[in-house]
Amino acid sequence: MTYRQATYDVRLIQEMRGKSDLTLPPLKREVEVPSNLLRTDLDIPDLEENEVVRHYTNLSQMNFGVDNGFYPLGSCTMKYNPKYADLLASLPAVGEVHPFEDEEGIQGSLSVLYELERSLCAISGMDAVSLQPAAGAQGEFTGMLIARAFHEANGENRTEVIIPDSAHGTNPASAAMAGFDVVVVPTSPSGCVDINALKAAVSERTAAFMITNPNTLGIFEEDIVEIVRTVHGVGGLMYYDGANLNAVMGRTSPGAMDFDIVHFNLHKTFATPHGGGGPGAGPVGVTKKLEPFLPVPRVVREEERYFLDWDRPQSIGKVRSFYGNFAVLVRAYAYILRQGGNGLREVSERAVLNSNYLKSRLTPAFDMPFKQLRKHEFVLSAKKLKDESGIKALDIAKRLLDHGVMAPTVYFPSLVDEALMIEPTETETRETLDRFAETLLSIAKEDPQTVKDAPHNTSVRRIDEVYAAKELVLSYLGLKRKLTGNLEGLRANAAGRKCESCSLILDTK
Ligand SMILES: Cc1ncc(COP(=O)(O)O)c(C=O)c1O
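The rules behind each value
- Residues numbered from 1 in each chain as written.
- Predicted model: local features only at pLDDT ≥ 70, side-chain atom pairs only at ≥ 80, totals over all residues.
- Heavy atoms only, no water.
- Axes fitted to C-alpha atoms, helices over the stretch in contact; angles between N-to-C directions.
- Helix = DSSP H or I, 4+ residues; strand = E, 2+ residues; numbered from the N terminus.
- Parallel < 35°, antiparallel > 145°, perpendicular 65-115°, else oblique.
- Left-handed = near helix turned anticlockwise from the far one by under 90°.
- Contact = heavy atoms within 4.5 Å.
- Nonpolar A, V, L, I, M, F, W, Y, C, P; charged D, E, K, R; others polar.
- Patch = residues over 30% accessible without salt bridge, like charges linked within 9 Å, V, L, I, M, F, W, Y side chains within 5 Å.
- Areas by Shrake-Rupley, 256 points an atom, 1.4 Å probe, with all protein chains shown as cover.
- Salt bridge = Lys/Arg side-chain N within 4 Å of Asp/Glu carboxyl O.
- Buried < 20%, exposed > 50% of the residue type's maximum accessible area, 1.4 Å probe, protein only.

1. Thoughts on the packing of helix H5 (residues 136-153) against helix H6 (residues 170-177)
Point 1. Two elements in contact, H5 and H6, have axes separated by 8 Å at closest approach and are oriented at 40°. In terms of their interaxial angle, H5 and H6 are classed as oblique. Crossing of H5 over H6 shows right-handed handedness. Where H5 abuts H6, its residues Ala137, Glu140, Phe141 and Met144 lie against Thr170, Asn171, Ser174, Ala175 and Met177.
Point 2. For the contact of H5 with H6, the per-class residue count stands at five nonpolar, three polar and one charged.

2. Observations concerning a nonpolar patch on the surface
Point 1. A cluster of nonpolar residues, Val33, Leu37 and Leu38, forms a patch on the protein surface that exposes about 270 Å² of accessible area.
Point 2. Looking at where Leu37 falls in the secondary structure, it is placed in the segment before helix H1 (49-61).
Point 3. You can call Leu37 exposed: its relative accessible area is 58%.

3. Overview of the side chain of Thr272
Point 1. Tracing the chain through its elements places Thr272 in the loop between helix H9 (266-269) and strand E7 (284-286).
Point 2. A relative accessible area of 0% places Thr272 in the buried class.
Point 3. Each residue touching Thr272, except ones within four places of it in the same chain, is listed here: Asn81, Leu266, His267, Val328, Arg331 and Ala332.

4. Section: the pattern of salt bridges
Point 1. Per the counting criterion, the structure on display carries 27 salt bridges.
Point 2. Taking the shortest distance from any N to any O, the salt bridge between Arg301 and Glu115 comes out at 3.8 Å. Of the two residues, Arg301 sits in strand E8 (residues 298-302) while Glu115 sits in helix H4 (residues 107-124), which places them 186 residues apart along the sequence.
Point 3. Note that Arg298 is salt-bridged to Glu117, the shortest N-O span being 3.7 Å. Of this pair, Arg298 sits in strand E8 while Glu117 sits in helix H4; the two residues are 181 residues apart in sequence, bridging distant segments of the chain. Glu117 matches Arg298 in its accessibility class, with the two residues each being buried.
Point 4. Each of the salt bridges in this network shares a partner with another, and the network as a whole consists of Arg361, Arg430, Asp434 and Glu438.

This is how it looks when you write it as structure tokens:
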């Protein structure tokens, strides 16, 4: 398959002018806006509908998403998001409900929240769930605040959270933000937590142990029972990072493993879209003893009536506006109902099968640190290739883009040299997996310079990764302000000016 990403010379929509007044007659204004509230300084372009549609369609064609093609981004579970869930989330009853509406008027919405909480309890083996956090990382932070509140309520001053060195970066960040000292334990040669190191690290200072299981190498922690016993033995709590729940649903659960706190990534496991920083949803589940500390309000049912309970004196308070990211929650609930219990179990089984199939197809050509079977994802190493021909993991990732495949996660987890972390998910066919394996194998044999210069067929070529990560200017407008202070200045200065991070600027006439 030859892949060419579309490239258009797009302008910012604010720069577009030229209304013809031909296609649509103006709408009769139904609401008279009081003149003191009317603003004239917004600079909103007045454009034909077709101009706006073309603008955004062209932009979308210069992008890549799970609706375009295979997206094996490890740890992110970029499974296909079924369209029936989008349809339900865009119903007026969902889209137009206002969070300030009286409880009586939103009984249906509250029942969806309540039932979703119950479903997540059943899936995770927890006793109570709060749907409020808007992302996995916020779920972690919420969980850490709950752990702190719990220990404080027991009159204990526990200051440390233990985390394996294979953990996602948000784990130590969340623990530190909640005021804990982070203690890191190493991974053993088997790819699992070094149980002896853990035993040496626990103490009466241990507030919690945060772990992802299966871990970020895609390996199920072989000593999980002993790990839990060790941490509970010193009075610490077990925190389950549920980002990898897609590997174990219906087979086991954090509750069955005796965890105390869990966060879910609905935007990974429950087929709701990821966004650049949101919208997502990272609900938190806890066991009975931690329920009083969950965020307020709680959705409660008494007989046939649902209401919001704010009267919870031990709660850590509110962590997000209103009740969470409602449209995302509706999608997740729809997905759970449609799959059913057996369906969710099959999701996990297929995700694991796809991952091991792909791993076995790639094993002869790439180093595969840690030899055992994996769960839903696996990490391979491009170190041998780098030593032989100078091709790095990043080069392979960029070259894959030329084939219409999203790059896998690279350089994570950091304990694998030249790591490529691949998660196929359950929604891909064997044909897609075979095509991906053949592409990756052919890249390994390609002329090294072609790979190092990739991507060749995308709308944006290589960007300066370090500059992009350090200069967090996340919008065209932000970059424009940073470079010039205003648009006219940008136009004047753009000619010949090299922007290290964004080809859009270089294309600007
Ligand atoms: C293992 C793991 N934990 C936590 C997170 C954080 O989740 P979020 O991106 O929703 O904040 C991720 C995200 O990729 C992850 O892979």
